Amino acid sequence: MLELKQFSKTFKSKLIFNLADFTCKRGEIVLLTGRSGIGKTTCLDIISGIKRYDTGDFLFKNQKVETQNETKLSAFRNENIGYILQDFALIDSYTVLENILLPSLYSPKDKHNRHDLETKARNLAYEFDLTEMLNRKIKAISGGQKQRVAIIRSLILEPAIILADEPTTNLDKENFDLVMALFIKLKNEGKTVVIATHDERFFDIASKIYEIKNCRLIEK
Ligand SMILES: Nc1ncnc2c1ncn2[C@@H]1O[C@H](COP(=O)(O)OP(=O)(O)OP(=O)(O)O)[C@@H](O)[C@H]1O
């Protein structure tokens, strides 16, 4: 479904990836592991189109993604990718509901019905025990609640691929179980979930585990 072929990435003079390969298929849970600072977030940023790679090929459904064209890349991202960022990237002065609905602002107006999206947001908030928080500003909720808001926001436009950067760091056991169940549900619906994590509890549900090592992705 998505392939990065022979991609390389350097920050200033630091080589992070060198002719590395990444593939994921529909209905897979793929883990990215490796020591801190090795390139897990960078890999997710490249898949999401937030960061450019230096050389390589990017294919989605066997079609080349035009990563040099910002407009086309943004359209690809909005349409197909949901990203749960490590620092959540929520807007503090907006409410929880406004944050959940943010991706729809960057999506074509005629594509999503605002009423339907709000209903979906409320249903997801209920599942994640955030109903009471919907009208609260982000600055007035806890770290674990922020993490759940970021997770819900990544799902609101029902993307085919969900990227999650250390999605369970702030979660207690109950919420961890919710997130685990969610990822399994997404996989069963034919979505692809790519998780950068050190959390070994994900190993059992993974279809594929990559370890980033020596600037490559090594399948374990
Ligand atoms: N914008 C940037 N400019 C320069 N170097 C960067 C930049 N972003 C990341 N790096 C470097 O690239 C390397 C990979 O970073 P990355 O955040 O991808 O690692 P990671 O495996 O996700 O780490 P962690 O597990 O600690 O989150 C690190 O050495 C980091 O310092």
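Shown above is the structure to which this text applies.
Here we summarise the structure given alongside this text.

Parameters at a glance
Residues numbered from 1 in each chain as written. Predicted model: local features only at pLDDT ≥ 70, side-chain atom pairs only at ≥ 80, totals over all residues. Heavy atoms only, no water. Near = heavy atom within 4 Å. Polar contact = N/O pair within 3.5 Å; in protein donor to acceptor, adjacent residues only side chain to side chain. Areas by Shrake-Rupley, 256 points an atom, 1.4 Å probe, with all protein chains shown as cover. Helix = DSSP H or I, 4+ residues; strand = E, 2+ residues; numbered from the N terminus. Buried < 20%, exposed > 50% of the residue type's maximum accessible area, 1.4 Å probe, protein only. Pairing = 2+ DSSP bridges. Axes fitted to C-alpha atoms, helices over the stretch in contact; angles between N-to-C directions. Contact = heavy atoms within 4.5 Å.

1. Notes on the site of the ligand
Step number 1: As a matter of local geometry, the ligand sits amid 13 residues, with Ser36, Gly37, Lys40, Thr41 and Thr42 nearest to it.
Step number 2: One of the side-chain nitrogen or oxygen atoms of Lys40 is found 2.8 Å away from an oxygen atom of the ligand.
Step number 3: The separation between an oxygen atom of the ligand and a polar side-chain atom of Thr42 is 2.6 Å.
Step number 4: When isolated, the ligand has an accessible area of 640 Å², and the protein chains bury 65% of it.
Step number 5: When residues of the shell around the ligand are traced back to their parent elements, those giving at least two are β2 (14–24) and α1 (40–48).
Step number 6: Among the elements that line the shell around the ligand, the one with the most residues is α1, at 3 residues.

2. Quick look at unusual backbone geometry
Step number 1: Of note, Asn62 is a non-glycine position whose phi angle comes to about 65°, a positive value.
Step number 2: Along the chain, the position of Asn62 falls in the loop between β4 (55–60) and β5 (63–64).
Step number 3: You can call Asn62 exposed: its relative accessible area is 68%.
Step number 4: Look at Cys215: it is not a glycine, yet its phi comes out positive at around 65°.
Step number 5: Summarising the element assignment, Cys215 is placed in the loop between β9 (208–213) and β10 (216–219).

3. Thoughts on the sheet that holds strand β6 (residues 81–84)
Within a sheet, each strand pairs with its neighbour through backbone hydrogen bonds, oriented either parallel or antiparallel.
Step number 1: Spatially, the 6 strands line up as an open sheet ordered β6-β7-β8-β3-β9-β10, and their pairing is mixed. Looking along the sheet, the strands with just one partner apiece sit at the ends: β6 and β10. On average, adjacent strands in this sheet sit at an angle of 20° to one another, irrespective of strand direction.
Step number 2: For strand β3 (residues 29–33) and strand β8 (residues 192–196), the ladder comprises 4 bridges, and the chain directions are parallel. Residue pairing in the sheet places Leu31 in a bridge with Ile195 of β8.
Step number 3: Contacting β6 and β7 (161–165), helix α5 (residues 143–155) runs over the sheet at an angle of about 175° to β6.

Functional significance is not addressed by these values, which are geometric in nature.
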